[in-house]
Amino acid sequence: MILLKKDLLQMLDGSIEGVRAALQHAVELEHATIPVYLYTLYSLGPGANQELAAIIRSVVIEEMLHMTIACNLLNAIGGAPVIDHPGFVPKYPGPLPGGVDAGLIVSLAPMSIEHVRNVFMGIEEPETPLRFKALAMEKDQPITIGMFYDQISRQLQESFFTGDVSRQVVAGWWPGRELFAITNLDQARRAIKIIVEQGEGTDLEPLDLEDDYAHYYRFAEIVHGRRLIKNPSATPDSPPEQRYIYGGAAVVFDPGQVQPLETNPGLQPYPAGSGAQIAVDAFNASYTNLLRCLHQVFNGHPELLRSAIGTMESLKEQARAITSIKVDAGTFAGPTFQYKALI
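What counts and what doesn't
- Just so you know, the residues in each chain are numbered from 1, in the order the chain's sequence is written.
- Only residues with pLDDT of at least 70 are given local features in this predicted model, and only at 80 or more are side-chain atom pairs given and counted; all residues enter the totals for whole chains, interfaces and linings.
- The basis for every side-chain value is the complete set of non-hydrogen atoms in the structure, without hydrogens or water.
- To form a nonpolar core, buried Ala, Val, Leu, Ile, Met, Phe, Trp, Tyr and Cys residues must be joined to one another through side-chain atoms within 4.5 Å.
- Burial classes follow relative accessibility: with a 1.4 Å probe on protein chains only, a residue under 20% of its type's maximum area counts as buried, one over 50% as exposed, and anything between as partly exposed.
- The criterion used for residue contact is that any of the two residues' heavy atoms lie within 4.5 Å.
- You can read pLDDT as the predictor saying how much it trusts each residue, on a scale of 0 to 100.
- Numbering of helices and strands runs from the N terminus, with a helix taken as a DSSP run of H or I at least four residues long and a strand as a DSSP run of E at least two residues long.
- Definition used for salt bridges: Asp or Glu carboxyl oxygen within 4 Å of a side-chain nitrogen of Lys or Arg.
- Here the axes come from fitting lines to C-alpha atoms, over the contacting stretch only for helices, and the angles between their N-to-C directions go from 0 to 180 degrees.
- What sets the label is the angle itself: under 35 degrees gives roughly parallel, over 145 gives roughly antiparallel, 65 to 115 gives roughly perpendicular, and the rest give oblique.

### A word on the nonpolar core
Counting 103 residues, the largest nonpolar core has Ile 56, Ile 152, Leu 156 and Phe 219 as its most contacted members. Every residue in contact with Leu 156, bar those within four places of it in the chain, is listed here: Val 19, Ile 77, Phe 161, Leu 185, Ala 188, Arg 189 and Ile 192.

Printed below as a string of C-alpha cells:
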C-alpha cells in the first residue's frame, strides 16, 4: 500500500493555493504509475499472456484518464499543470511522488506474480480492501491515494472555479461520462469519484462507476489466477467480502513467455555507443517530447492531444525494439523512462 507523506495533507490548508499544490501533486502521482505498468506490459511478448496484457493495458488507459482529469481539475480552479520538467519524472526504483521513503518502493520490472502482488496491488490498494476468498493482504492505517483525493474534494469550494474553460481537455478518447469539462464543484467531485473508484472500488463493492472491477481487483485476478465473479453461494444478507469470489475463468500466466528484461535498467547506464544505449536515448528523447507535448495540451492547447497520442504509439514501437536487445546471456535491455533535457 502506498503511504503518502503527511505534508501532502498539510498543504491542504483551506486555501485555493493549497488545493492547486495538491492537484499538481496528484498529476505527478497519476503519471508516475504509468511507466511502471508499461514496463511490465512490454515484457509480455506479442501473442503470449494476452489476457494479462489486456488487464494491464486497461489499467494504463485509465491511469491516463486520471492524469487528464487531475489536469482538468487544476485548470478548473485557475492552476497550470507543470509536466515539462525534470522533477516531474520519478526515479525508479523509489517511492512514488509523495510516498514515504520506507513505504512502497516501485521498480521497473518484467512480469511476475510477485511484482503484481507487491507493487501493482500495493499502488492501487484502497484504505479498506474487500478481502474476498483467497485474498489476504496486510492491513495498515496509511494515507492512501483515495484518502488524499477525499481531502482535496472536501476542500474544494464553488468560488474556486474561475479557470479558463478552453483549457479543459475533453477529447473523445474516453467516454463523455468519464472525461468531461470541469467548471463547478459538483463536476469536480464527480471526476474525483471516478479516479478513486476506478483505482480502488468502494468499501462495499469492487466495481467502479462503470461496473468494471477497480484496478486493485483486476490485478488480484492475475495474482489468484482466476476471474473475480459474484459468489453463487452469497445471499442478500451476506457481508460484502463474501459476495464475490476469485472463482471464475482461469487467468493463465505463462512465465516462460516473459521477456527477461533487466529490472530497473536506469540504475546502470548501458555502455556508451552500444545499441542498447543508443536505443534507450532515442526512447527517452521521445518520452520527453511526449511530456513537452502534454504540457502544451494541458496549458491551453488541447488540440495537440492527437499529436501526443501519436507519440505514445511510437514509444511502444521503440520499447519493443529495445526489449529485443540482449545485454548478457539471459537478460534483455529495457526503456528507462528518464527525462532528457534540451541542450
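Still more to cover.
### Here we look at the confidence of the model for the chain
Of the residues in the chain, 91% reach a pLDDT of 70 or more, and the chain-wide mean stands at 88. When mean pLDDT is compared element by element in the chain, helix 8 (residues 275-297) scores highest at 96, while helix 1 (residues 7-10) scores lowest at 74. Counting contacts from residues 135-141, a segment whose pLDDT is below 50, to residues more than four positions away or on other chains yields 16 contacts.

### Describing the pattern of salt bridges
Scanning the entire structure with this criterion turns up six salt bridges. Between Arg 292 and Asp 84 there is a salt bridge, with its nearest N and O atoms 3.6 Å apart. Within this pair, whereas Arg 292 is found in helix 8, its partner Asp 84 is found in the loop between helix 3 (50-76) and helix 4 (113-124), the two being separated by 208 residues in sequence. Residue class for Arg 292 comes out buried when judged on its relative accessible area of 16%. You can call Asp 84 partly exposed: its relative accessible area is 27%. In this structure, Lys 316 and Glu 313 form a salt bridge, with 3.2 Å as the shortest nitrogen-oxygen distance. With Lys 316 and Glu 313 both in helix 9 (residues 305-322), this residue pair falls three residues apart, about one helical turn. A residue is classified by how much of its surface remains accessible, and Lys 316, at 34% relative accessible area, is partly exposed.

### Details of the packing of helix 4 against helix 7 (residues 215-224)
As a packed pair, helix 4 and helix 7 sit with axes 9 Å apart at the nearest point and diverge in direction by 170°. By the angle between their axes, helix 4 is roughly antiparallel relative to helix 7. Listed contacts from helix 7 to Ile 113, Val 116, Arg 117, Phe 120, Met 121 and Glu 124 of helix 4 are His 215, Tyr 216, Phe 219, Ala 220, Ile 222 and Val 223.

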